[in-house]
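# Summary of the model geometry
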Amino acid sequence: TSFLRSKVWQDPEQLLSAVITQDHSTNTLAAAYFFRGNVRDRYQDYPGALKDFNESLKRNPDNILALNNRGIVRGIMNDFKGAITDFDKSIKLKPDYADAYYNRGIASFELKQYSNACMDWEKASSLGSGLARTALQKYCRK
């Protein structure tokens with residue numbers, strides 16, 4: 001079986017695409033789309049990553065990692081309001097999710113909502129985010 005499957009194991013994207021095209025459970029498909037979205041993001045295929053995160057979230061709308069990663073991709077694609085919506089939902093689902101606060105701070109900063117950005121970075125820093133601490137020192141401290 002491994003020998004036969006090795007034809008689709010050439011790279012992660014092909015493997016995950018093969019999983020997606022087969023009949024699997026909702027949870028398996030949600031995970032496959034999520035991981036393929038991460039692969040596409042890594043290779044800077046942002047429209048493909050966004051599409052995969054959307055498909056993953058159709059099957060598992062409460063996946064905070066997929067919400068966070070989709071928010072990051074939306075930010076890269078200059079959809080900062082959409083990114084904030086994703087980070088808001090992540091935070092609602094997991095109020096101690098430092099990465100979502102940090103990322104929402106970036107999106108707010110890009111929208112010139114500096115006070116909101118600093119509040120988010122303060123919260124993320126209090127939750128242990130070193131990146132947020134750096135952002136606070138660079139952009140929010142006088």
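As a starting point, this report considers the structure included with it. (Residues numbered from 1 in each chain as written. Predicted model: local features only at pLDDT ≥ 70, side-chain atom pairs only at ≥ 80, totals over all residues. Heavy atoms only, no water.)

### Description of unusual backbone geometry
The phi dihedral of Gln44 is positive, around 60 degrees, even though this residue is not glycine. By the element assignment, Gln44 lies in the loop between helix 3 (26–42) and helix 4 (46–59). Judged by relative accessible area, which is 57%, Gln44 ranks as exposed. Located in the positive-phi region is Asn78, a residue other than glycine, with phi close to 65 degrees. Following the sequence through the fold, Asn78 ends up in the loop between helix 5 (64–76) and helix 6 (80–93). Since its relative accessible area comes to 58%, Asn78 is described here as exposed. (Helix = DSSP H or I, 4+ residues; strand = E, 2+ residues; numbered from the N terminus. Buried < 20%, exposed > 50% of the residue type's maximum accessible area, 1.4 Å probe, protein only.)

### Considering the packing of helix 3 against helix 4
For the pair helix 3 and helix 4, the least separation of the axes is 8 Å and the interaxial angle reads 160 degrees. Taken together, the axis directions place helix 3 and helix 4 in an arrangement best described as roughly antiparallel. Here helix 3 and helix 4 pass one another in a crossing that is left-handed. Between helix 3 and helix 4, the contacting residues are Thr26, Leu29, Ala30, Tyr33, Phe34, Arg36, Gly37, Asn38, Arg40 and Asp41 on the first element and Tyr46, Gly48, Ala49, Asp52, Phe53, Glu55, Ser56 and Arg59 on the second. Considered class by class, the residues forming the contact of helix 3 with helix 4 number seven nonpolar, five polar and six charged. (Axes fitted to C-alpha atoms, helices over the stretch in contact; angles between N-to-C directions. Parallel < 35°, antiparallel > 145°, perpendicular 65-115°, else oblique. Left-handed = near helix turned anticlockwise from the far one by under 90°. Contact = heavy atoms within 4.5 Å. Nonpolar A, V, L, I, M, F, W, Y, C, P; charged D, E, K, R; others polar.)

### Observations regarding helix 6
For helix 6, spanning 14 residues, the distance from its first C-alpha to its last is 20 Å, which sits close to the expected 20 Å at 1.5 Å a residue. Within the sequence span of helix 6, burial applies to Phe80, Gly82, Ala83, Ile84, Asp86, Phe87, Ser90 and Ile91. Here the buried face of helix 6 lies against helix 5 and helix 7 (98–110). (Expected span 1.5 Å × (residues − 1).)

### With respect to helix 8 (residues 114–126)
Over its 13 residues, helix 8 runs 18 Å from end to end, which matches the ideal 18 Å to within 8%, given 1.5 Å per residue. All buried positions along helix 8 are accounted for by Ala117, Asp120, Trp121, Ala124 and Ser125. End-on, the buried residues of helix 8 take up no more than an arc of 135 degrees, which puts them together on one face. In helix 8, the exposed positions angled more than 90 degrees off the buried face are occupied by Ser115, Met119 and Ser126. Elements in contact with the buried residues of helix 8: helix 7 and helix 9 (130–140). Backbone geometry just downstream of helix 8 places Gly128 in the positive-phi region, at approximately 105 degrees. (Arc of directions from axis to C-beta.)

### Topic: the pattern of salt bridges
In total, this model carries 12 salt bridges according to the counting rule given. The residue Asp86 makes a salt bridge to Arg70 at a minimum N-O spacing of 2.6 Å. Of this pair, Asp86 sits in helix 6 while Arg70 sits in helix 5, and the two are 16 residues apart along the sequence. A relative accessible area of 2% places Asp86 in the buried class. A relative accessible area of 14% places Arg70 in the buried class. (Salt bridge = Lys/Arg side-chain N within 4 Å of Asp/Glu carboxyl O.)

Coordinates in, geometry out; function isn't part of it.
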